[in-house]
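Secondary and tertiary structure notes
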Amino acid sequence: MKGLLLKEYYMTLKYCRLFLLIVAVFFVVSFWADDTVFLMAYPLVMIGMIPVTLLAYDEKERWTLYSLTLPCTRSQMVSSKYLYGMLVELIAWLLATAVQTVKLFQDPFFTIHEYLFLLAAMFLLGFIGPSLILPIIIRFGTEKGRIIYIFVFVVLGVTVLNSEGFGPGTKLSAAIAFLLNHQWLYALLIIAALIIYGISWGISILLYQSKEV
């Protein structure tokens, strides 16, 4: 497993340097920006897509075939992607937490209430993307998987917009307001992110074990 994780690390340095540069730029800019929600959320989403990008290069370089000759199981192959994805996501989240902590002391209008909610929401946002797309990519491959992923999100987006799901008085806005008024529930967002990620992990292992490579 250590060797597989090192492989992911070296591939990240070679193929995902632009990702890392963009994340660094967003974090630096967020120090001076008034509204840092997007500047914090976007890098976390990008970092979450690193395992997907690495899977694409694995397919391109025929790593999936070569790996069958190695003394590692299919479960370990999948787990290396999830473990590495969790590691880089946690590092990005901790960096975002550091930035938000600085903002908390610099901005008199930024309350501890908003600070905690933003950290919990960013944690959930960072893990939800890979949790949804990785099983699809593993089952259908990079090209087909991305098309299915985009199609599903377009359908969901259109459905939400048509139902005015984000408007005032809707169930979604009421749920967000409820969370904002109950700070102890912020931990549930983090727990939910980890549960979803774990379920996705298990599904991906089952899919890859039954997949013909």
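For the structure, check the block above.
What counts and how
Counting restarts for each chain, with residues numbered from 1 along the sequence as it is written. The predicted nature of this model means local features are confined to residues of pLDDT at least 70 and side-chain atom pairs, given and counted, to a pLDDT of 80 or more, with totals for whole chains, interfaces and linings taken over all residues. Side-chain descriptors were evaluated using all non-hydrogen atoms of the structure, hydrogens and water having been removed beforehand. The salt bridge definition used is simple: a Lys or Arg side-chain nitrogen within 4 Å of an Asp or Glu carboxyl oxygen. Numbered from the N terminus, helices here are DSSP runs of H or I no shorter than four residues, and strands are runs of E no shorter than two. Relative accessibility thresholds used throughout: buried, under 20% of the residue-type maximum; exposed, over 50%; partly exposed, between the two (1.4 Å probe, protein chains only). Patch definition: residues with relative accessible area over 30% and no salt bridge; like charges joined within 9 Å; nonpolar side chains (Val, Leu, Ile, Met, Phe, Trp, Tyr) joined within 5 Å. Here the open area of atoms and residues is found with the Shrake-Rupley method and a 1.4 Å probe, where only the protein chains shown may cover a residue. Helix axes are fitted to C-alpha atoms over the stretch in contact, other axes to C-alpha atoms as well, and angles between N-to-C directions run from 0 to 180 degrees. Working rule for angles: under 35 degrees goes down as roughly parallel, over 145 as roughly antiparallel, 65 to 115 as roughly perpendicular, anything else as oblique. Residue contacts are counted whenever heavy atoms from the two residues lie within 4.5 Å of one another. For our purposes a nonpolar core is just a set of buried Ala, Val, Leu, Ile, Met, Phe, Trp, Tyr and Cys residues, chained together by side-chain atoms within 4.5 Å.

**Section: the pattern of salt bridges**
Any two side chains of opposite charge can pair, on the condition that their charged atoms come close. Applying the stated criterion across every chain, the model contains four salt bridges. Between K7 and E8 there is a salt bridge, with its nearest N and O atoms 3.3 Å apart. The residue K81 makes a salt bridge to E8 at a minimum N-O spacing of 2.8 Å. With K81 in helix α6 (residues 74-106) and E8 in helix α1 (residues 2-15), the pair connects residues that are 73 residues apart, well separated along the chain. Judged on exposure class, the residue K81 and its partner E8 are both buried. Within this structure, K7, E8, D58 and K81 form a network of salt bridges that share partners.

**Topic: a nonpolar patch on the surface**
The grouping of L6, Y9, Y10, L13 and L20 at the surface amounts to a nonpolar patch, some 460 Å² of accessible area in total. It is α1 that provides the largest number of residues to the nonpolar patch, a total of four residues. Along the polypeptide, L13 turns up in helix α1. Residue classification places L13 among the partly exposed positions, given a relative accessible area of 37%.

**Regarding the packing of helix α4 (residues 50-60) against helix α7 (residues 112-140)**
For the pair α4 and α7, interaxial distance at closest approach is 10 Å and the crossing angle is 10 degrees. The pairing of α4 with α7 is recorded here as roughly parallel in orientation. Along the contact surface, α4 presents P51, V52, L55 and E59, while α7 presents I133, L134, I137 and I138.

**Observations regarding unusual backbone geometry**
Not every positive phi belongs to a glycine, and R62 is a case in point at roughly 60 degrees. For R62, the position within the fold is in the loop between α4 and α5 (63-66). For R62, a relative accessible area of 56% puts it in the exposed group.

**A short note on the nonpolar core**
In this structure, I50 and M122 are the most contacted members of the largest nonpolar core, which totals 40 residues. Among the secondary structure elements, those contributing two or more residues to this core are α1, α2 (17-30), α3 (37-48), α4, α6, α7 and α10 (186-209). With ten residues, α7 is the largest single contributor of residues to this core. Contacts of M122, omitting those with residues within four sequence positions, involve M40, A41, L44, W93, A96 and Q100.

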